[in-house]
Amino acid sequence: MFSKACEYGIRASIYIAEQSQLDRKVGLKEVAESIDSPIAYTSKILQQLSRNKIINSEKGPGGGFSMDKQELDKVYLSTIVLAFDGEEIYKGCGLGLKQCNEKMPCPVHDQFKLIRDKLKTMLETTSVQSLTADFEKGLTFLKR
């Protein structure tokens with residue numbers, strides 16, 4: 001459902017948020033290893049997150065990637081999805097048809113619309129911070 005870049009963006013954001021709560025800045029290699037992503041690809045993901053002001057990027061000694069601890073509860077998954085996949089994830093056809101709409105629906109249009117609406121609600125109400133709690137306890141994972 002999400003692009004690969006978006007999936008990695010979500011995973012990187014969760015990891016960086018968790019580390020930021022511990023007052024740690026993290027480097028590119030650490031993030032890539034923690035989310036099981038190639039370093040070069042992770043670099044592009046982190047650039048996109050930084051450009052969209054989802055994460056902070058500081059160069060030089062003592063630098064790294066972080067997120068503002070006080071803002072973690074205001075960063076929703078929908079912000080990350082928008083940065084990578086745009087609004088199309090909420091509009092696409094379940095069968096990939098270009099002309100699917102209310103007037104000319106595909107066979108799964110009504111059911112898929114319900115799923116898209118629930119997905120949108122979940123993304124708009126789930127903060128990155130809320131996902132760090134189970135991750136910190138070892139109940140959820142960012143790589144296998």
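Residues numbered from 1 in each chain as written. Predicted model: local features only at pLDDT ≥ 70, side-chain atom pairs only at ≥ 80, totals over all residues. Heavy atoms only, no water.

## Some points on the side chain of Ser34
Turning to its location among the elements, Ser34 is positioned in helix H2 (residues 28–35). Accessibility expressed as a relative area gives 18% for Ser34, which makes it buried. Within the local environment of Ser34, its side chain forms a polar contact with the side chain of Tyr15, the two groups lying 3.4 Å apart. (Helix = DSSP H or I, 4+ residues; strand = E, 2+ residues; numbered from the N terminus. Buried < 20%, exposed > 50% of the residue type's maximum accessible area, 1.4 Å probe, protein only. Polar contact = N/O pair within 3.5 Å; in protein donor to acceptor, adjacent residues only side chain to side chain.)

## Things to note about the packing of helix H3 (residues 39–51) against helix H4 (residues 77–85)
At their nearest, the axes of H3 and H4 sit 10 Å apart, and the two run at 115° to each other. As judged from the angle between their axes, H3 and H4 are roughly perpendicular. The interaxial crossing formed by H3 with H4 has right-handed handedness. Along the contact surface, H3 presents Ile45, Gln48 and Leu49, while H4 presents Ile80, Ala83 and Phe84. Along the lines of polarity and charge, the residues of the contact of H3 with H4 split into 5 nonpolar, 1 polar and no charged. (Axes fitted to C-alpha atoms, helices over the stretch in contact; angles between N-to-C directions. Parallel < 35°, antiparallel > 145°, perpendicular 65-115°, else oblique. Left-handed = near helix turned anticlockwise from the far one by under 90°. Contact = heavy atoms within 4.5 Å. Nonpolar A, V, L, I, M, F, W, Y, C, P; charged D, E, K, R; others polar.)

## Some words on unusual backbone geometry
At Asp23, a position not held by glycine, the phi torsion is positive, near 60°. Tracing the sequence through the fold places Asp23 in the loop between helix H1 (4–21) and H2. A relative accessible area of 62% places Asp23 in the exposed class. Phi at Asp36 is positive, roughly 60°, even though this residue is not glycine. Residue position: Asp36 is located in the loop between H2 and H3. On the basis of relative accessible area, Asp36 is assigned to the partly exposed category, the value being 47%.

## Quick look at H2
Taken as a whole, H2 has its buried residues at Val31, Ala32, Ser34 and Ile35. Along the axis of H2, the buried positions cluster into a sector of 165°, meaning they face one direction only. Exposed side chains of H2 directed beyond 90 degrees from the buried face belong to Lys29 and Glu33. Two residues or fewer past H2, Asp36 is found with a positive phi of approximately 60°. (Arc of directions from axis to C-beta.)

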